Amino acid sequence: METILSGIIQGLKLFFYGDATLWQIIGVSAQVSGIALLISAVIGIPLGALLGLTRFPGRRMIQAMIYTGMGLPPVVVGLAVYLLISNNGLLGPLQQAWIPKLFTVEAMIAAQVIIAAPLVIGYTMSAVGEVSPNLRLQVRSLGATRVQVLGTTLREARRGVLVALIGGFGSILSEVGAVMMVGGNIEGSTRVMTTAILLETRRGNFELAIGLGIVLLGMAFLINLSAAQLQGKGY
Amino acid sequence: MTPAYQLTNLSKSYAGRQVLNIDHLEIHPGEILAVIGPSGAGKSTLLRILNFLESPDSGKVYFQGQPVNYHKIPLEVRRMVTTVFQNPALLSGNVGSNLQFGLRLRGLKDGHRDVDEMLERLGLTSLRRSPAHTLSGGEAQRVALARALILKPTVLLLDEPTANLDPYNVEMIESVIRGINQTHQTTIVLVTHNIFQARRLADRVALLLNGEIVETADTQTFYKNPCDSRTRGFIRGEMVW
């Protein structure tokens, strides 16, 4: 109990007194997960909308693959990305600029996109599917192009799309397996909050680990609170 | 005069069940044509085909004298026709934004005067900023009608526009439909199973049964001297098929 209390106090101190190392770790976490979410949103929202609104042969197969992707264990994603981009991997030897190097922020982003994108696609697909077909028919009848129908449907499904983004962000902000494997938890470079918590716990430095945990929880809460506010403004 | 629509040998089936089989139907420009018939007769399917929302399985549709290729309908042609459905599917947001929706789709951002005028015409001025989900059924249907009319369509398709509404809303909607037809010569196709409404509003009436046009005639002839026994039966309120 004493350790927990001390950890909470330590965490608050670190956060409010502006500990440089802590802020650097928070910065890397925000950068990695923020960019990964952005890429997942750019890929996932249109794709989810298309899958939710169109019918074509093989759609169910793709749907099943997306749903499987929504439950991918981060450590398996980490392993897959590791095997792809390591020097002995499938893509690593190609030495192309677009292939991220192992133990870099770019590799961590790639892994997190693989974790978050299926969630964004799946939740978006479900959200647009909830929009009444009558409304879509009405929008077309009012003279909307296909792109305008898609945009309007997404706008009507914005609560669900927001949930998709929150779900995606939550999953990558809190995951540790993939970033540990492909990032390597290098201090000052690829160390993020979850890997730092793991490290400090292993070192027996529970106070700092709890402190980091509180910061992580606080960030997640603030993001969700902002999202809830945005949802409320829509109506 | 070139017909607004000309339909020949038109058929449409869903899952092997034929819902439309029309040998010939002409819709004249500037008229109000009421299509009456029992539920399941194919009335709504006909409207969706007229609004280019669905393609027929076979047959020809001519719009303003031009054959319609349902795989490639120019946007400007699609935008000449709009439908008000029985269920007034309103967008989230307020009444004003619903009215502006179609204008925005067309890139017309400055439509405030039109919106004000349309709100007044349908008795909705005080509801301009009301969220759409707070409206009553009658108010919502008036918003749906206003949202369609503000686009000044050449053809207005109405799918049971006053079903389940109270007499006040029915009277107001019918009055606006009549007015828009007279002032803008808008071609109107009204689908209804209310034979009294069809009689009040239409210039011509068509009876649709099991996807087939049984009889089409001017309103007076249709009600006073129908040719087909099924028309006589339907007008008398008998079960016909």
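This structure is a prediction, so every number in the text was calculated from the model and none was measured. (Residues numbered from 1 in each chain as written. Chains lettered and ligands numbered in written order. Predicted model: local features only at pLDDT ≥ 70, side-chain atom pairs only at ≥ 80, totals over all residues. Heavy atoms only, no water.)

Undergrad: I'm lost on the pattern of salt bridges in this one. Help?
TA: A side chain with one charge can pair with a side chain of the opposite charge if their charged atoms come near. Going through the model one piece at a time under the given rule, you end up with 10 salt bridges over all chains. Put simply, Glu-200 of chain A and Arg-203 of chain A hold a salt bridge, and the shortest N to O gap is 3.3 Å. Relative accessible area serves as the criterion here: at 55%, Arg-203 of chain A is assigned to the exposed category. With a shortest N-O distance of 2.7 Å, Arg-204 of chain B and Glu-31 of chain B are connected by a salt bridge. Taken together, the residues Arg-204 of chain B in strand β9 (residues 204–209) and Glu-31 of chain B in the loop between β2 (17–27) and β3 (32–36) connect sequence positions 173 residues apart. No difference in accessibility class separates Arg-204 of chain B from Glu-31 of chain B, as the two residues are buried. (Salt bridge = Lys/Arg side-chain N within 4 Å of Asp/Glu carboxyl O. Buried < 20%, exposed > 50% of the residue type's maximum accessible area, 1.4 Å probe, protein only. Helix = DSSP H or I, 4+ residues; strand = E, 2+ residues; numbered from the N terminus.)

Undergrad: Explain the environment of Ile-36 of chain B to me, please; I cannot follow it from the model alone.
TA: Residue and element names in this part refer to chain B. Turning to its location among the elements, Ile-36 is positioned in strand β3. Using a relative accessible area of 0% as the deciding quantity, one classes Ile-36 as buried. For the pair Ile-36 and Glu-160, spaced 124 residues apart in the sequence, the C-alpha separation amounts to 9.9 Å.

Undergrad: So what exactly am I meant to see when it comes to the nonpolar core here?
TA: Soluble, globular proteins show a tendency: their nonpolar side chains are buried together. Ranked by size, the top nonpolar core spans 68 residues in total, and within it Ile-36, Leu-99 and Leu-145 of chain B carry the most contacts. Considering each element in turn, this core owes the most residues, 7 residues, to helix α5 (residues 137–149) of chain B. Once you skip the residues sitting within four places of it in the chain, Leu-145 of chain B turns out to touch Val-84, Leu-122, Leu-156, Leu-158, Ile-173, Val-176 and Ile-177 of chain B. Judged by nonpolar contacts, the second largest core, of 37 residues, contains Phe-169, Ala-196, Ala-209 and Met-219 of chain A. (Core = buried A, V, L, I, M, F, W, Y, C linked by side-chain atoms within 4.5 Å. Contact = heavy atoms within 4.5 Å.)

Undergrad: Looking at this model, I keep getting lost on the sheet that holds β2 of chain B. Mind explaining?
TA: Residue and element names in this part refer to chain B. Ordered in space as β2-β1-β4-β5, the 4 strands form an open sheet in which the pairing is antiparallel. For this open sheet the edge positions go to β2 and β5 (66–67), each flanked by a neighbour on one side alone. Against the sheet, helix α1 (residues 43–50) engages β1 (5–14), β2 and β4 (58–63), with an angle of about 120 degrees to β1. (Pairing = 2+ DSSP bridges. Axes fitted to C-alpha atoms, helices over the stretch in contact; angles between N-to-C directions.)

Undergrad: Help me understand the confidence of the model for chain B, please; the structure alone is not making it clear to me.
TA: Low-confidence regions, as indicated by low pLDDT, have predicted coordinates that should not be scrutinised in detail. Confidence in the prediction of chain B, expressed as mean pLDDT, is 92, and 98% of residues score 70 or more. Here the complex is predicted with pTM 0.82, and the ipTM for its interfaces comes to 0.90. (pLDDT = per-residue confidence, 0-100.)

Undergrad: Which parts of the structure should I look at to understand the sheet that holds strand β8 (residues 187–192) of chain B?
TA: Pairing between the strands of a sheet is mediated by backbone hydrogen bonds and can be parallel or antiparallel. All names here are of chain B. Across the sheet, 6 strands lie side by side as β6-β7-β8-β3-β9-β10; this open sheet has mixed pairing. If you trace the sheet from one side to the other, it starts and ends with β6 (81–84) and β10 (212–218), each paired once. Mean inter-strand twist for the sheet, computed between neighbouring axes without regard to direction, equals 15 degrees. Looking at chain direction, β3 and β9 are connected through 4 bridges and run parallel.

Undergrad: How should I be thinking about the pairing of strand β7 (residues 155–159) of chain B in this particular structure?
TA: Regular strands show a simple pattern: their side chains alternate between the two faces of the sheet. Residue and element names in this part refer to chain B. Among the 5 residues in β7, 5 count as buried, and that is most of the element. Burial along β7 is two-sided: the face carrying Val-155, Leu-157 and Asp-159 and the face carrying Leu-156 and Leu-158 are both buried. Pairing analysis gives 4 bridges linking β6 to β7, with the strands arranged parallel. Paired with Thr-82 across the bridge in β7 is Leu-156. Pairing of β7 with β8, which is carried by 5 bridges, proceeds in the parallel orientation. Bridged to Leu-157 within β8 is Val-189. Assessed by its sense of winding, the connection that carries the chain from β7 through helix α6 (residues 167–184) to β8 is right-handed. (Right-handed = clockwise from strand over helix to strand, strands pointing away.)

Undergrad: Help me understand helix α3 (residues 59–70) of chain A in this model?
TA: Count 3.6 residues to each turn of an α-helix, and residues three or four apart come out pointing the same way. Residue and element names in this part refer to chain A. Here α3 is 12 residues long and its end C-alpha atoms lie 16 Å apart, about the 16 Å a rise of 1.5 Å per residue gives. Buried within α3 we find Arg-59, Gln-63, Ile-66 and Gly-69. An end-on view of α3 places all buried positions within 120 degrees of arc, on one side of the element. In this structure, α3 carries Arg-60, Met-61, Met-65 and Thr-68 as exposed residues pointing more than 90 degrees from its buried face. Close packing links the buried residues of α3 with α2 (20–53) and α5 (105–130). (Expected span 1.5 Å × (residues − 1). Arc of directions from axis to C-beta.)

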